[in-house]
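The primary structure of each chain is shown beneath.
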Amino acid sequence: MKIFFLFTFSTFLLSAFEPAAAFAHYDKILTHSRIRARDQGPNVCALQQVMGTKKKYFSTCRNWYQQAICGKKATVLYECCPGYMKMDGTRGCPAVAPIDHVYGTLGIVGATSTQQYSDISRLREEIEGRGSFTFFAPSNEAWDQLDSEVHRNLVDNVNIELYNALHHHMLNKRMLTKDLKNGMTLVSMYNGQKLLINHYPNGVVTVNCARIIHGNQIATNGVVHVVDRVLSAVEYTIQDFIEAEEDLSSFRDSAITSGVMDILGRPGHYTLFVPTNEAFERLPRGVFERIKGDKVASEALVKFHILNTLQCSEAITGGAVYETLEGNTVEIGCDGESLTVNGVKMVKRKDIVTSNGVIHLIDQVLIPDSAKQVIELGGAQQTTFTDLVAQLGLASSLRPEGQYTLLAPLNGAFSDDTLRLDQRLLKTILQNHIIKVKVGLNELYNGQELETIGGKLLRVFVYRTSVCIENSCMVRGSKEGRNGFIHVFRQIINPAEKTLHEMLRNDKRFSTFLSLVKAADLDDVLSRPGQWTLFVPTNDAFKGLTDDDKDILIRDKNALRNILLYHLTQGVFIGSGFEPGVTNILKTIQGGKLYLKTVNDTLLVNELKSRESDLMATNGVIHVIDKLLYPAELPVGNDQLLTILKKLIKYIQIKFVRDSTFKEIPLTFYNPSITQLTKLIEGEPEFKIVREGETITKVIHGEPIIKTYTKIIDGRPVEVTEKKVTEERIIQGPEIKYTRITAGAADNEEKLKKILEEEVTKVTKFIEGDGHLLEDEEIKRLLQGAGTEYTKVTKIIEGEPQIIEREIKKVHLEG
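A brief structural summary. Here the structure is a predicted model, which means the values were calculated and not measured. (Residues numbered from 1 in each chain as written. Predicted model: local features only at pLDDT ≥ 70, side-chain atom pairs only at ≥ 80, totals over all residues. Heavy atoms only, no water.)

Section: the sheet that holds strand 25 (residues 457–462)
Strands sit in the order 23-22-28-27-26-25-24 across an open sheet of seven strands; the sheet is mixed. Each of the sheet's edge strands pairs with one partner strand only, and the pair in question is strand 23 (434–435) and strand 24 (449–451). (Pairing = 2+ DSSP bridges. Helix = DSSP H or I, 4+ residues; strand = E, 2+ residues; numbered from the N terminus.)

What follows is the structure, given as structure tokens:
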């Protein structure tokens, strides 16, 4: 009863001075373990033990449901939670463990070897007496695993070496696991030696990377935590260790030349995965020399091996991603007893504890993307592309000091037929995947044009959830290297060579559709520059259409245009650019709506399958369909037309409203090309003569062009408005300016035009030495008499100008 009272009283004291909010990870995981074992009786905890080992863990939810730790199967054990014990004939652990001084508590928790060494080193008297201690007691297995020579030296000199070693495991105050904060540095009772504390989110608590396997065993004069290894003294920094180890000379040289070595000598909580010299020797020939000669790349390489957190091997029970000092991340995991980096077993020696962190020796060099050449960025899924670039001699043209962007298709994009092409054709295809400049994902915007090393211009299309270049869209995996970016694409990029009209004309499958386009006077639309998406029915869609039917269609031009322009939308929409399974609504030139979505990589248009999609043209894209499209809400008012449409369209019910007519669609939705441009300069008329042999320089300010486009900023599409102003500096010969007068009535216009032409003739004769030239006052008088309904515009008559400089200024108005 006395023992029970003492335990209850001491627990009350501890809880009274500690707020409930200080509930640390270890205690939370322990609580979960109690909940999992609640069917086993009171105060029972569920643990996981790695099969084939004695390692036991209070597990996280992930490990528990995976039934594995470090990839190894784990069995479930049920034990009394710390501080409780079994009683004969009862379920669970209903009794509290007896409370004793620290020396006695060592025996209660089974740390009998530590208890024995405390006895023979004369520490027993101290830990049985007055005081408040924390003892990190090595388990019996920990003493057995200690290096035999170290163990022998301790036992042979119990009064000094062993006594000091045990003091190194002690604090002169009581600290429970909830008091052991992550990153804390404590001072042991031996010579002020430091103890580095780490308290991880998975509930693992370490002391100099030794894991607490049984914590918070309360004693009358302190607390005992059992740890899984004997603690060694920490007297040097990471920098000290690297400088002393000859097998790390290659890494040391890089750390010094890049200026990173000083970081490793500062106070902190670092983790260093340091490659041995042998690891550097296994790098491909010339790679390390190139990186070492480039200070930026060398600094990136060294920092990529350093974490700004202390990760002890015992705290790693599954894979997790950590940021390096270089800025990119690595995945640290485990496979049984082995640590893994990015899924690879490479750690030769682990948990070398220093005063500012921990070191793990690895047998491979980790090279970050930022230290690689752009061609080295290709992953396992782009090996076909990178191998072909090397084999066809294109890799040598990617100079280290240059700036490039690789558009790398996945391996599966290269069919056998493609790989069997003539090498010259194959090289041309690959050149279309290498951009002359370095362009990151965040720099791409809709309507942008990128020039390849082969001289082709590739168009960029930005959609809600994807970015596409010509017919191919990106997948995740963009990387930035030392001299460029690499972006990964689903398909080989096919730059457009022909207009929509040329593509229809060259493919016999579309002859019927094209003949109707011509009859509706729409072929010019498909020939002009623009941005269109055209859904083209094959000849199969017109089966059953007789010549008489066709004539009826052609005669009703409004009806024909409405039908055909329902197949055309403004903008380029790539099928693979749509979010899978989501319906996208596009407004057609006819005014109706098309409903598009992709299902299993197939484009559906109004639920009709596209037989072939993403055929790129210089002015748009074609999606091939085998049915004629028709807006379901548009009624037909003609019996003959209704009969024809019912022959062709059976997948919807066409509305019939007698005598209804189709609206007229003027061809103002596109801009015909301008064959002649006259520049008019508004303002007061000016008359000036430049003598023969003289030249003048003038600046013509072009009309500002306001352009709105979508740009990717921080991974999100943002609409940007840009003002573009062109200035042309022109050197020209003699010039004459006269005033043109534009009137409201055509006859007045012609009359004044004739008068002015006569005056221009006089001016010309005067320059050639003949005739009389009107004075300025006469011209003004002529203009003043024109009347108020006229607008004064100065026009320049001149010879062929020579443009010597053109400057385009872009101003972002909003973002």
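From this point on, the discussion continues.
Quick notes on the state of the cysteines
When the sulfur atoms of two cysteines share a covalent bond, that bond is a disulfide. Scanning all chains against the criterion turns up five disulfides. Sulfur-sulfur distance for the disulfide between Cys-468 and Cys-473 comes to 1.9 Å. Classification of the bridge connecting Cys-468 and Cys-473 rests on its S-S torsion, roughly 85°, and on that basis the disulfide is right-handed. A relative accessible area of 0% means that Cys-468 is categorised as buried. Along the protein chain, the cysteines engaged in disulfide bonds are linked according to the scheme 1-4, 2-8, 3-5, 6-7, 9-10 when indexed in sequence order. (Disulfide = S-S within 2.5 Å. Buried < 20%, exposed > 50% of the residue type's maximum accessible area, 1.4 Å probe, protein only.)

Description of the pairing of strand 25
For strand 25, the tally of buried residues reaches five of six residues, placing the bulk of the element in the interior. Relative to strand 25, strand 24 runs antiparallel, the two sharing three bridges. Paired with Leu-450 across the two strands is Leu-458, which belongs to strand 25. Linkage of strand 24 to strand 25, two consecutive antiparallel strands, is achieved through a turn of five residues, within which Gly-455 is found at a positive phi near 90°. Sheet topology places strand 25 next to strand 26 (residues 467–469); three bridges connect them, and they run antiparallel. Bridge assignment links Phe-461 to a residue of strand 26, and that residue is Cys-468. The loop that links strand 25 with its antiparallel partner strand 26 comprises four residues.

What to know about the packing of aromatic side chains
Given two aromatic rings, their pairing is described by the distance between the two centres and the angle made by the two planes. Within this structure, the stated rule accounts for seven aromatic pairs. When the centroid spacing of 6.4 Å and the interplanar angle of 10° are considered together, the rings of Phe-573 and Phe-578 count as stacked. The buried category is assigned to Phe-578, whose relative accessible area is 7%. By way of ring pairs, the aromatic residues Tyr-463, Phe-573 and Phe-578 are connected into one cluster. Stacked on the ring of Tyr-57, the Lys or Arg Arg-211 has its end atom at 4.0 Å from the ring centre. (Phe/Tyr/Trp six-rings, centres within 6.5 Å; stacked < 30°, edge-to-face > 60°. Lys NZ or Arg CZ within 6 Å of the ring centre and 35° of its normal.)

So, the nonpolar core
Of all hydrophobic cores here, the largest spans 46 residues; its most connected members are Leu-504, Ile-622 and Tyr-630. Elements with a contribution of two residues or more to this core: helix 18 (500–505), helix 19 (511–519), strand 29 (532–537), helix 20 (547–555), helix 21 (557–565), strand 34 (608–617), strand 35 (620–625) and helix 22 (639–648). Beyond its immediate sequence surroundings of up to four residues, Tyr-630 is in contact with Ile-563, Tyr-566, Pro-635, Val-636, Leu-645, Ile-649, Tyr-651, Ile-652, Ile-654 and Phe-662. Counting 30 residues, the second-largest nonpolar core is a separate cluster that includes Ile-242, Ala-279, Val-302 and Ile-352. (Core = buried A, V, L, I, M, F, W, Y, C linked by side-chain atoms within 4.5 Å. Contact = heavy atoms within 4.5 Å.)

Things to note about the sheet that holds strand 21 (residues 357–362)
Pairing within the open sheet is mixed, and its four strands lie in the order 15-14-21-20. The sheet is open, and its two edges are formed by strand 15 (306–307) and strand 20 (347–354), each paired on a single side. Relative to strand 21, strand 20 is paired through five bridges, and the arrangement is antiparallel. Considered in strand 21, the bridge of Arg-349 is made with Leu-361.

Examining the pattern of salt bridges
Tallied over the full model, the rule gives 36 salt bridges. With a closest N to O distance of 3.8 Å, Arg-229 and Asp-228 form a salt bridge. With relative accessibility at 15%, the residue Asp-228 sits in the buried group. Notably, a salt bridge pairs Asp-507 with Arg-509, separated by 2.9 Å at the nearest N-O pair. A relative accessible area of 21% places Asp-507 in the partly exposed class. Because the salt bridges share partners, they merge into one network encompassing Lys-55, Arg-211, Asp-228, Arg-229, Glu-314, Glu-337 and Asp-351. (Salt bridge = Lys/Arg side-chain N within 4 Å of Asp/Glu carboxyl O.)

Some remarks on the pairing of strand 12 (residues 210–219)
By the criterion of burial, strand 12 is predominantly enclosed, with eight of the 10 residues buried. Relative to strand 12, strand 11 (residues 205–207) is paired through two bridges, and the arrangement is antiparallel. Paired with Thr-206 across the bridge in strand 12 is Arg-211. The turn joining strand 11 and strand 12, which pair antiparallel and follow one another in sequence, is formed by two residues; a positive phi near 50° is taken by Asn-208. The sheet contact formed by strand 12 and strand 13 (residues 222–227) spans five bridges and is antiparallel. Pairing of His-214 across the sheet is with Val-226, part of strand 13. Hairpin connection from strand 12 to strand 13: two residues lie between these consecutive antiparallel strands.

Observations regarding helix 17 (residues 423–431)
Among all positions of helix 17, only Leu-426, Ile-429 and Leu-430 are buried. Viewed along the axis of helix 17, the buried residues span an arc of 95°, placing them on a single side of the element. Here the buried face of helix 17 lies against helix 15 (383–391), helix 16 (416–419) and strand 23. Between a side-chain oxygen at the N-terminus of helix 17 and the backbone nitrogen of Arg-424 the separation is 2.8 Å; the capping residue is Asp-422. (Arc of directions from axis to C-beta. Polar contact = N/O pair within 3.5 Å; in protein donor to acceptor, adjacent residues only side chain to side chain.)

Structural notes on the environment of Asn-600
Within the fold, Asn-600 resides in the loop between strand 32 (593–599) and strand 33 (602–605). Distance in space between the C-alpha atoms of Asn-600 and Gly-581 is 8.5 Å, their sequence separation being 19 residues.

Things to note about the packing of helix 19 against helix 21
Where helix 19 meets helix 21, the axes come as close as 10 Å, and the angle between the chain directions of the two elements is 130°. The angle between helix 19 and helix 21 falls in the class oblique. The chirality of how helix 19 crosses helix 21 is left-handed. Across the interface between the two elements, Phe-513, Leu-516, Val-517 and Ala-519 from helix 19 touch Lys-557, Leu-560 and Leu-564 from helix 21. (Axes fitted to C-alpha atoms, helices over the stretch in contact; angles between N-to-C directions. Parallel < 35°, antiparallel > 145°, perpendicular 65-115°, else oblique. Left-handed = near helix turned anticlockwise from the far one by under 90°.)

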